[in-house]
Amino acid sequence: MRPECVLVFCMCISVFLHRAISQPPTETDTYTECTDGYHWDPQTQHCKDINECETIPEACKGEMKCFNHYGGYLCLPRSASVIPAPEPPNQIHPSLENTASEPFNPCPLGFEPQGDSCVDVDECEQDSHDCQPSQQCFNTEGSFSCQCPDGYRKVGTECIDIDECRYRYCQHRCVNVPGSFSCQCEPGFQLAGNNRSCIDVDECGMGAPCSQRCYNTYGTFLCRCEQGYELGPDGFSCNDIDECSYSSYLCQYQCVNEHGKFSCVCPEGYQLLGTRLCQDINECETGAHQCSDGQTCVNIHGGHKCVNNRSCQEPYVQVSDRCTCPITKPGCRDMPYSIVHRYMSITSERSVPSDIFQIQATSVLPGAYNTFRIRSGDDNGDFYIRQINNISAMLVLARAVNGPREYVLDLEMVSVNPLVSYQTSSVLRLTIYVGPHAF
């Protein structure tokens, strides 16, 4: 009896094990637990991401903005740029039946059979990777990697734009753009070859609007003008300076303004001496006169005079260069014995008192005493005689006179000899021309 019982027992165990192994899974055998950041969705029978930005009040404080991502959330500055990613693929727990339906792959993970060998699977080309839309997929041997493009950095599973301007890459101004940045320069500068440094722009060589001279400086330029011009209010144009309006002493006679300079001119009968002064033209020396053979050219300030060589009037007669009155004539008794003609010219506004003409006796009688006086022609008292000695005297201008004007003075020398009771006189008839100007 004992052996039979053992046999029956073994058969029962064998049948039980066979049924236990071959029994298919029931519908109640499901997985309802999810990892942190996910919750079970009974409708789709999958784990679904929790949007903490909606479920947590004030998830991010201050100026930070909440960005949801798979399994959590991020607090980033409001200026951050985030490329949203689609929902992750459904998390399906494979069943025994699904596993059984997949074809058998004898190659390691990330490889697939090709003939008798295993070749790498390019997950990036087959789009079988799980990189986020903001990432770039790079195939590797047996796998792949998800990397952020240049100008982005990885935060969690997202790629966030890098604000390169925070690192002071630019010398002047930095402008951040998604994934990159650009440098800009202040006015008067331009980007160097490295696209970061700023170098000075030579505005003068690039057509700066200076009307005359341009000087390049660091970051800008300056306009300057030639001598005789001044810079206009716009800082570019040059305006002529009217030097004549600044002073009346630039020229002796008249100042004429010209573009960028001035010039001095002289009145008729004068010529420029240097750049400012005026000098009388001696027409008698240059031959620029119309005097005849019987006349003598007398130069005066600003012109000339033609005087007759023989100008004696009755009862005088011409003897050599003078007029004499013979004592044999009754009309000569109270007249000077001789008259000599002389001519001179003086300027207007001459300072006074001023010595202008010296009288010198040419012959003196022994024992005679000589005196000098103005016999006629000085009705207003503009002149006087200062006797120097017995044979000479000086004609002095007593008051300032203005021309053009003409004086004819008879300067008389009276000779007296008391020993023989003899008296005689001679006259120097001096014609004085006062010029029209003070030069």
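Residues numbered from 1 in each chain as written. Predicted model: local features only at pLDDT ≥ 70, side-chain atom pairs only at ≥ 80, totals over all residues. Heavy atoms only, no water.

1. Examining the overall build of the protein
When helices and strands are tallied, the protein shows five helices and 33 strands. Contacts in the protein between residues at least 24 apart in sequence constitute 35% of all its contacts with a sequence separation of at least 6. Accessible surface, the protein: about 29,200 Å² in total, of which carbon and sulfur atoms supply 52%. (Helix = DSSP H or I, 4+ residues; strand = E, 2+ residues; numbered from the N terminus. Contact = heavy atoms within 4.5 Å. Areas by Shrake-Rupley, 256 points an atom, 1.4 Å probe, with all protein chains shown as cover.)

2. Re the sheet that holds strand β32 (residues 405-417)
Read across the sheet, six strands follow the order β25-β26-β27-β33-β32-β29 without closing on themselves; strand pairing throughout is mixed. The sheet is open, and its two edges are formed by β25 (317-319) and β29 (369-376), each paired on a single side. Strand-to-strand twist in this sheet, taken as the mean axis angle between neighbours without regard to direction, amounts to 30 degrees. (Pairing = 2+ DSSP bridges. Axes fitted to C-alpha atoms, helices over the stretch in contact; angles between N-to-C directions.)

3. Digging into the UniProt feature "domain: EGF-like" (unreviewed entry) in the protein
Residues annotated in UniProt with the feature "domain: EGF-like" (unreviewed entry) correspond here to residues 120-160, 161-199 and 240-279. Structurally, residues 161-199 is divided into 0% helix and 41% strand, and its ends, taken at the C-alpha atoms, are 29 Å apart. Secondary structure across residues 240-279 divides into 0% helix and 45% strand, with the first and last C-alpha atoms of the span separated by 29 Å. (UniProt positions renumbered as here; feature names shortened; annotations may be inferred.)

4. Here's the deal with the pattern of salt bridges
The tally for this structure, following the rule as stated, stands at eleven salt bridges. Here Glu412 and Arg373 are joined by a salt bridge, their closest N and O atoms 2.7 Å apart. Taken as a pair, Glu412 in strand β32 and Arg373 in strand β29 lie far apart in primary sequence, 39 residues in all. The salt bridge partner of Asp382 is Arg399, with a shortest N-O separation of 2.8 Å. Separated by 17 residues along the polypeptide, Asp382 in the loop between β29 and β30 (383-387) and Arg399 in the loop between β31 (392-397) and β32 bring together distant segments of the chain. (Salt bridge = Lys/Arg side-chain N within 4 Å of Asp/Glu carboxyl O.)

5. Points about the environment of Pro330
Inspection of the secondary structure assignment puts Pro330 in the loop between β26 (322-324) and β27 (338-346). In this structure Pro330 comes out as exposed when scored by relative accessible area, which is 71%. Measuring from C-alpha to C-alpha, the distance between Pro330 and Pro315 comes to 9.2 Å, with 15 residues separating the pair along the chain. (Buried < 20%, exposed > 50% of the residue type's maximum accessible area, 1.4 Å probe, protein only.)

6. Quick look at the nonpolar core
The nonpolar side chains of soluble globular proteins are, as a tendency, buried together. Grouped together as the largest cluster of nonpolar side chains are 21 residues, with contacts concentrated most on Ile356, Phe357, Phe383, Leu395, Leu411, Leu430 and Ile432. When residues of this core are traced back to their parent elements, those giving at least two are β27, β28 (354-360), β30, β31, β32 and β33 (422-434). Leave out the neighbours within four places in its chain, and Leu430 touches Arg342, Tyr343, Met344, Phe357, Leu395, Tyr407, Val408, Leu409 and Leu411. Formed by six residues, the second largest nonpolar core is a distinct cluster that contains Cys323, Cys325, Cys332 and Val427. (Core = buried A, V, L, I, M, F, W, Y, C linked by side-chain atoms within 4.5 Å.)

7. Thoughts on the packing of aromatic side chains
Going through the model one piece at a time under the given rule, you end up with seven aromatic pairs. Between Phe189 and Tyr218, the ring centres sit 5.0 Å apart and the planes meet at 75 degrees, which makes this aromatic pair edge-to-face. Here Phe189 is found in strand β13 (residues 189-191), whereas its partner Tyr218 is found in the loop between β15 (213-217) and β16 (220-224), with 29 residues between them in sequence. Since its relative accessible area comes to 16%, Phe189 is described here as buried. Relative to Tyr407, the ring of Phe383 lies with its centre 5.0 Å away and its plane at 85 degrees, an arrangement referred to as edge-to-face. Here Tyr407 lies in strand β32 and Phe383 lies in strand β30, a separation of 24 residues in the sequence. You can call Phe383 buried: its relative accessible area is 5%. For Tyr407, a relative accessible area of 5% translates into the label buried. Pairwise contacts between aromatic rings join Tyr167, Tyr169 and Phe181 into one cluster. (Phe/Tyr/Trp six-rings, centres within 6.5 Å; stacked < 30°, edge-to-face > 60°.)

8. Focus: a nonpolar patch on the surface
On the surface, a cluster of nonpolar side chains totalling about 440 Å² of accessible area is made up of Leu365, Leu419, Val420 and Tyr422. Residue Tyr422 is classed as partly exposed on the basis of its relative accessible area of 39%. (Patch = residues over 30% accessible without salt bridge, like charges linked within 9 Å, V, L, I, M, F, W, Y side chains within 5 Å.)

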